[in-house]
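Architecture at a glance
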Amino acid sequence: MTLTPFGRTAAAMITPFDADGALDLDGASRLADHLVSAGCDALVLSGTTGEAPTTTDAEKAELVRAVVAAVGSRAFITAGVGTNDTRHSVELARQAAAAGAHGLIVVTPYYSRPTQDGIADHLSTVADATGLPVLLYDIPGRTGAGTALAYDTLLRLAEHPRILGVKDCAYDPLKSARVLGATDLAYYSGSEENNLPLRAIGGAGFVSTVANVAPREVIAILDAFDAGDTAEATRRHLALAPLVEAVMSAGVGTVMAKALLRAQGLPSGPVRGPLKDADATQTAELLEQLRRSAPEAELVSASA
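The structure displayed is predicted, hence computed values, not measured ones.

Conventions we followed
- Residues numbered from 1 in each chain as written.
- Predicted model: local features only at pLDDT ≥ 70, side-chain atom pairs only at ≥ 80, totals over all residues.
- Heavy atoms only, no water.
- pLDDT = per-residue confidence, 0-100.
- Contact = heavy atoms within 4.5 Å.
- Phe/Tyr/Trp six-rings, centres within 6.5 Å; stacked < 30°, edge-to-face > 60°.
- Helix = DSSP H or I, 4+ residues; strand = E, 2+ residues; numbered from the N terminus.
- Buried < 20%, exposed > 50% of the residue type's maximum accessible area, 1.4 Å probe, protein only.
- Axes fitted to C-alpha atoms, helices over the stretch in contact; angles between N-to-C directions.
- Parallel < 35°, antiparallel > 145°, perpendicular 65-115°, else oblique.
- Left-handed = near helix turned anticlockwise from the far one by under 90°.
- Nonpolar A, V, L, I, M, F, W, Y, C, P; charged D, E, K, R; others polar.

**Some details on the confidence of the model for the protein chain**
- For the protein chain, mean pLDDT is 95; residues scoring 70 or higher make up 97% of the total.
- Low pLDDT, under 50, characterises residues 299-304; the stretch is placed with nine contacts to residues that sit more than four places away or in other chains.

**Structural notes on the packing of aromatic side chains**
- On inspection of all chains with the given rule, the structure shows two aromatic pairs.
- Note on Phe6 and Phe76: the rings are 5.8 Å apart at their centroids and 85° apart in plane angle, and the pair reads as edge-to-face. Of the two residues, Phe6 sits in the segment before strand E1 (9-12) while Phe76 sits in strand E3 (residues 76-80), which places them 70 residues apart along the sequence. A single burial state applies to Phe6 and to Phe76, both of which are buried.
- With a centroid separation of 6.1 Å and 80° between ring planes, the pair formed by Phe6 and Tyr188 is classed as edge-to-face. In this pair, Phe6 is assigned in the segment before E1 and Tyr188 in strand E7 (residues 186-189), connecting sequence segments 182 residues apart. Both residues of the pair, Phe6 and Tyr188, belong to the buried class.

**So, the packing of helix H9 (residues 215-226) against helix H10 (residues 230-247)**
- Running from N to C, H9 and H10 point in directions that differ by 160°, and their axes come no closer than 7 Å. Taken together, H9 and H10 sit at an angle that is classed as roughly antiparallel. Viewed along their axes, H9 and H10 form a crossing whose handedness is left-handed. Residues Glu217, Val218, Ala220, Ile221, Ala224 and Phe225 of H9 touch H10, and the partners they reach there are Thr230, Glu232, Ala233, Arg236, His237 and Leu240.
- Its residues placed into classes, the contact of H9 with H10 shows seven nonpolar, two polar and three charged.

Here you go:
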């Protein structure tokens, strides 16, 4: 049986802001409730999609408190605490735990280009800081090629009692398969196009940006697969691919996800610089793609 310590179908939730760009805690609570009501059994806060690089430490803590208060009894809440400063990451981890987070996601340290030993020490130190389970975030496309978690490093980290999983954005399926075969780490797809392929080889589930705007459609892919209907899972996966491409077309899904949520009347707000909001033409194209790829998602969101 596949272990799912951080839930199975997690939305990488955007961070709603108001029209002036301030943190919208009421909007965050309402969006969290919407996503969980749509079937997400977990939420990941303050990740890439949540604009973690441009939210303050205080905002991160406030966000956790608001979301846990809104849905904490119905969903597993994982808080992003990764930085390229070990001491700062430890502080964020302790802050998230105090705010009520159920788990932590920790990205490999970026920019500084530490060795694999340095990366392992950084991640282990953060895992030592609280009693919460830790999800490693392997995304070398954003943190730098040298920060990809090596196979041997993953084996070493898997021995830590609180490091229980990996959000896999490494685009290295052979490494993922080898680690799945050699450890008990729960592997979560962090790249939409790999949600079904990773599940097929024993992945735990996904952490999805597209789930912000089409949660039922994304979840239905895994539901069909787990029910043994691989043909239906494949059909749904392929049908959703154009929407995945459209949402990720800005290089970070936050921009297009927020545009779609805003167009549907759900909490979102603007993005913070250096990101740029989608324009009217982009938004219209996104809505058309949503109608084609996930018509149910549009109906559900429009009535929320």
